[in-house]
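What follows is each chain in one-letter form.
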Amino acid sequence: MTEHGIRRWVAGLCAVLLLSGCGTGFYQTEGEDAVSGSAMMEVAQVQETDATPAGLEDHAVRQLTAGADGEPLLVTTDAQAMPHAYQRENGEWQEQDNAAIISWIQENQVYNRKYYYDTTGSWWAVIQNGNSIVQVLPDGQAREVVLPEDVAPGKYVAIYGFADRGDGLVCFAANQTEEKNGPDPGGVWFLVDGETGQVTQTFSVDYGTDYHPVFYQEDLIVYDYVATTLKEYDSETGQLVQEVPIERPDTLPAAAAMTEDGIYHYFVGSTGLYRRPLNGDFTQTVTDDILLNCMSSNFEAMGLYVEADGAYLIAGNEDGKMKLYSLSIQEGEAPAAETTLTVWAMESTPMLQIAAQRYQSLHPDVELNIVTGHDTAEDSVSEQDILRQLNTELLSGEGPDCLILDGLPIQSYIQQGMLQNLDGLVTESEFYSNILNSYTEEDGLYTVPAFFEAPVFATVQTEGAPASLEELAQLFESGACTAGSWKEIFEAVYPAVANRIFPNGESLDEAALTEFLEQTNRMVQSAGIAQESMPMASGTSNLMVTSELPTSRFALQDGVTTAAIFRMTGISQAVSLLTQREGVTLSPLLDGTAEGQFLLGIRARTENLPQAQDFVRMMLEDEQIQQSNVYGGMAVHRNLELQRLQQTIQDGYTQEERDVFVQDPLAYPWAELAERYTELVNPAAAGTLQTIVYKQAVQVYGGQITIDQAVEEVKAQVNLYLQEQA
């Protein structure tokens with residue numbers, strides 16, 4: 001169990017639940033006053049317990065609802081996609097009879113992962129390739145529930161949600177499209193009578209639906225996120241009882257629940273757990289996503305259950321595997337933190353949020369303060385002004401304890417003694433030492449990357465990788481290699497030559513920049529990439545490029561070409577190449593330069609050095625961080641990236657698919673490939689300087705300016721930027 005002290009008032013949504021002046025729905029009870037409160041609630045402690053039942057760790061959650069006796073009912077699928085139902089009885093999870101549904105699945109060879117179980121013992125299986133559902137009764141009989149034509153005439157219906165009234169009446173939530181992958185023209189809820197298998201009521205909205213409806217007594221409660229209203233329907237007559245306007249929340253419901261007394265409607269989304277007093281006028285944030293594992297970006301909530309004692313069960317999938325969390329929340333004044341650790345980044349990212357959540361769960365006695373330059377600055381403040389303020393704080397010996405240094409002038413910070421030496425912080429043998437120590441200076445190591453991205457050359461030929469930009473351009477001109485966009489070529493090639501263009505990140509090599517623009521322009525023109533719109537001469541307008549050719553990697557995979565270049569952000573990215581094209585080999589593109597991501601540094605002379613070191617170690621060693629699927633980068637920890645690959649293959653491919661792999665991706669020498677990257681891009685060359693080059697490069701590719709003009713403009717902008725940094 002981890003116990004979190006939330007050290008502040010948790011900000012609620014800006015959403016306000018507006019009461020209608022009349023009506024007899026659940027929002028206002030005759031003779032009762034509206035619940036008073038505000039959109040903020042003070043939380044003293046949150047106890048988060050991993051309550052995943054033993055033996056179900058490899059399952060995936062499909063449903064968490066109230067069972068026949070009011071106790072929670074949990075539905076999962078195992079590794080073979082077989083459904084299981086578990087009812088909690090006297091504190092223990094008891095498996096329910098699934099013989100009927102297993103028999104039906106095996107007899108009909110219908111394997112999918114959308115199964116539901118109701119309180120009468122019926123199973124419901126969604127037929128993925130049509131507008132129908134199969135109900136499998138407890139006695140083994142099966143019958144098809146066909147949607148009426150007035151629900152979705154001629155449309156494809158994709159079912160996403162399920163609710164159970166508790167007496168045999170169930171509700172399915174879906175969206176309806178003209179075709180399977182078409183746009184979403186609307187949402188629909190339809191009620192099915194479990195005794196007859198017939199649809200009894202349908203409700204629909206245009207462009208948007210809540211896939212997580214809930215029943216309260218005889219009424220169905222749904223959220224229309226386009227109209228931004230809560231709707232209450234009489235489930236017997238289909239009549240709209242009440243519709244209450246509510247401002248759009250910053251998160252859509254991933255699961256919802258009602259308390260038995262009907263006072264609160266709860267929903268959990270990507271940014272937290274919320275409650276709406278149904279006879280009140282506000283929405284409260286119950287808890288905060290940064291502080292809880294069940295609100296992390298890795299976690300997909302699938303069900304919510306409110307315990308009688310006010311605790312919460314939140315079921316979902318974390319990287320494809322089941323997690324069941326129990327939350328106990330105590331309102332009141334929070335105890336003071338012993339230490340405050342401040343982490344600075346230029347902007348907020350999902351990875352930063354995960355890191356903050358994870359650190360707080362591991363160190364509940366430390367208050368974590370995340371400061372982001374763009375979020376704290378006014379719109380009129382430039383990035384240079386933000387960095388100038390940061391530099392002033394660092395030079396004065398103040399400022400944040402930890403820094404995310406991507407794109408920052410790290411060399412300047414080291415020379416001025418602003419950063420702490422990180423030598424000996426982690427055990428190097430567990431990491432790709434060539435990546436971890438790439439930024440080592442003569443007197444020590446001052447920044448380490450948590451992840452890295454690797455420009456890759458892939459081929460089925462035997463003559464090896466191109467040794468120069470000239471040879472790479474020739475491959476494009478011969479048709480052996482192609483790409484789908486200008487940006488794809490730029491992002492794959494630039495990291496491989498960035499250190500030549502900007503030696504030490506402090507000057508511009510005009511000859512290297514000229515060669516880069518000349519050769520990448522040859523690649524762009526050879527690929528035949530058409531442009532839909534051109535940027536203005538200033539390079540500030542949006543640029544869209546299209547091509548009939550597939551991306552470089554997929555062209556090789558599909559046999560269109562014999563070579564490919566791409567920026568590998570995870571070794572699972574190359575799996576389709578190895579499994580579908582025989583004889584593929586991978587090597588570093590050009591001279592073997594990769595790009596470090598999420599660069600970590602500690603301010604010199606920080607008073608919170610132990611806590612800052614804990615943050616850096618966590619980023620490098622923690623399994624949840626290094627295996628997170630929200631960050632585009634390969635793990636610097638040598639074993640954890642391979643573990644993520646194993647999980648990707650297990651979750652993404654059936655055994656039958658694995659049996660016909662052309663190559664086994666788990667047997668590929670990934671460590672040898674990673675160790676061939678001899679250096680990382682200087683962080684300064686990967687930030688603002690890269691943006692400056694890209695804006696001029698796309699104008700060269702579009703024929704708007706000459707290469708000489710681009711070099712002169714880059715030179716002027718780079719000189720100004722470097723002067724400001726100095």
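Here the structure is a predicted model, which means the values were calculated and not measured. (Residues numbered from 1 in each chain as written. Predicted model: local features only at pLDDT ≥ 70, side-chain atom pairs only at ≥ 80, totals over all residues. Heavy atoms only, no water.)

Details of unusual backbone geometry
Selection criterion: Runs of E in the DSSP output that reach at least two residues are strands. Runs of H or I that reach at least four are helices, and both are numbered from the N terminus. Only protein chains enter the area calculation, which uses a 1.4 Å probe; residues under 20% of their type maximum are buried, those over 50% are exposed, and those in between are partly exposed.
Positive phi values are uncommon outside glycine, yet N90 reaches one of about 55 degrees. When you line up the elements, N90 lands in the loop between β6 (83-89) and β7 (92-95). Of the residues examined, N90 reaches a relative accessible area of 81% and is grouped as exposed. Of note in this structure, R605 is not a glycine but carries a positive phi near 65 degrees. When you line up the elements, R605 lands in the loop between β37 (593-602) and α12 (609-621). Taking the relative accessible area as the measure of exposure, R605 reaches 60% and is therefore exposed.

Quick look at empty space enclosed by the protein
Note the following rule: Here a cavity denotes grid points, spaced 1 Å and computed from the protein atoms alone, that fit a 1.4 Å probe unable to get out, and a pocket denotes an open set having protein on both sides within 12 Å along at least 5 of 7 lines; residues with an atom within 4 Å of a point are the lining. Grid points are joined across faces, edges and corners, and a volume is the space filled by probe spheres set on the points. In this classification, the charged set is Asp, Glu, Lys and Arg, the nonpolar set is Ala, Val, Leu, Ile, Met, Phe, Trp, Tyr, Cys and Pro, and all remaining amino acids, among them Gly, are polar.
This structure, assessed with the given rule, holds one cavity of 30 Å³ or more. By volume, the largest cavity is sized at about 30 Å³. The wall of the largest cavity is formed by L469, V497, R500, I501, A512, E515 and F516. For the lining of the largest cavity, the elements supplying multiple residues, two or more each, are α8 (486-501) and α9 (510-527). Looking at the lining of the largest cavity residue by residue, the class counts come to five nonpolar, no polar and two charged.

What to know about the environment of A54
Residue placement: A54 occurs in the loop between β3 (41-50) and β4 (60-66). On the basis of relative accessibility, which here comes to 73%, the residue A54 falls in the exposed class. Each C-alpha atom, one on A54 and one on W93, is 9.5 Å from the other, the two residues being 39 residues apart in sequence.

Here we look at the pattern of salt bridges
To keep it simple, the criterion reads: The working definition used for a salt bridge is a side-chain nitrogen of Lys or Arg within 4 Å of a carboxyl oxygen of Asp or Glu.
As enumerated under the stated definition, the model contains 19 salt bridges in all. One salt bridge connects D167 with R165, and the closest N-O pair in it is separated by 2.8 Å. Note that E491 is salt-bridged to K487, the shortest N-O span being 3.8 Å. Here E491 and its partner K487 are both found in helix α8, four residues apart, which amounts to about one turn of the helix. For K487, a relative accessible area of 43% translates into the label partly exposed. Members of the salt-bridge network, linked through shared partners, are R165, D167, E218 and E236.

A closer look at the nonpolar core
The following threshold applies: Remark: nonpolar core denotes a set of buried residues (Ala, Val, Leu, Ile, Met, Phe, Trp, Tyr, Cys) joined through side-chain atoms within 4.5 Å. Pairs of residues are marked as contacts when any of their non-hydrogen atoms sit within 4.5 Å.
Judged by nonpolar contacts, the single largest core of 128 residues is most densely connected at F516, L586, L600, F615, M619, L620 and W670. It is α8 that provides the largest number of residues to this core, a total of ten residues. The residues touching L586, leaving out its near neighbours within four places in the chain, are V456, F457, A458, A574, L577, Y668, W670, L673 and R676. Core analysis: the next-biggest nonpolar cluster, separate from the first, contains 16 residues, Y264, Y266, L304 and L327 among them.

A short note on the pairing of β6
Which entries qualify depends on this criterion: Any two strands between which DSSP finds at least two bridges are classified as paired.
Among the seven residues that make up β6, six are buried, leaving the element largely enclosed by the rest of the structure. In this structure, strand β5 (residues 72-77) lies alongside β6, joined through five bridges in antiparallel fashion. Its bridge partner lying in β6, V75 is registered against A85. Linking two consecutive strands that pair antiparallel, namely β5 and β6, is a turn of five residues; a positive phi of about 70 degrees is found at A81 within it. What sits between β6 and β7 in their antiparallel hairpin is a turn of two residues, with N90 showing a positive phi close to 55 degrees.

Side note on the sheet that holds strand β11 (residues 142-146)
We count it as follows: For helices, the fitted axis covers only the stretch in contact; all axes are lines through C-alpha atoms, and the angles between them, taken along N-to-C directions, range from 0 to 180 degrees.
Taken in spatial order, the four strands of this open sheet run β8-β9-β10-β11, and their pairing is antiparallel. The sheet is open, and its two borders are formed by β8 (115-117) and β11, each paired with just one other strand. In this sheet, adjacent strand axes meet at a mean angle of 25 degrees when their direction is disregarded. Of the strand pairs in this sheet, β8 and strand β9 (residues 123-127) are connected by three bridges, and their pairing is antiparallel.

So, the pairing of β11
Examined bridge by bridge, strand β10 (residues 132-136) and β11 share five bridges and lie antiparallel to one another. Looking across to β11, one finds that S132 is bridged to V146. Two successive antiparallel strands, β10 and β11, enclose a turn made up of five residues, where G140 displays a positive phi of approximately 95 degrees.

Regarding the sheet that holds β6
Sheet strands associate in pairs through backbone hydrogen bonding, adopting either a parallel or an antiparallel arrangement. Overall, antiparallel pairing links the four strands, which are arranged β4-β5-β6-β7 in an open sheet. The two strands at the open ends of the sheet, each matched to only one other strand, are β4 and β7. Taking each pair of neighbouring strands and ignoring which way they run, the sheet shows an average axis angle of 25 degrees. Of the strand pairs in this sheet, β6 and β7 are connected by four bridges, and their pairing is antiparallel.

Focus: the side chain of N682
Looking at the element boundaries, N682 is found in the loop between β39 (679-680) and α17 (683-686). Those residues in contact with N682 that sit more than four places away from it in its chain are N499, N504 and G505.

Notes on the packing of aromatic side chains
Here is the rule we go by: The criterion for an aromatic pair is that two Phe, Tyr or Trp rings (for Trp, the six-membered ring) have centres within 6.5 Å, with stacked assigned to planes under 30 degrees apart, edge-to-face to planes over 60 apart and tilted to the rest.
The final tally for this structure, using the stated rule, is 15 aromatic pairs. Both rings, one in F490 and one in Y494, keep their centres 5.3 Å apart while their planes meet at 10 degrees; by these two values the pair is stacked. Residue F490 and its partner Y494 are both found in helix α8; the two are separated by four residues, about one turn of the helix. A relative accessible area of 1% means that F490 is categorised as buried. Look at Y494 and you get buried, because its relative accessible area is 1%.

Points about the confidence of the model for the protein
Under the convention used in this document: Confidence of the predictor at the level of single residues is given by pLDDT, which spans 0 to 100.
For the protein, per-residue confidence averages 78 on the pLDDT scale, and residues scoring 70 or more make up 77% of the total. Here residues 180-184 is modelled with pLDDT under 50, and outside its nearest four sequence neighbours on either side it reaches ten contacts, counting other chains as well. Within the model, the stretch residues 532-548 combines pLDDT values under 50 with 36 contacts to residues more than four positions away or in other chains.

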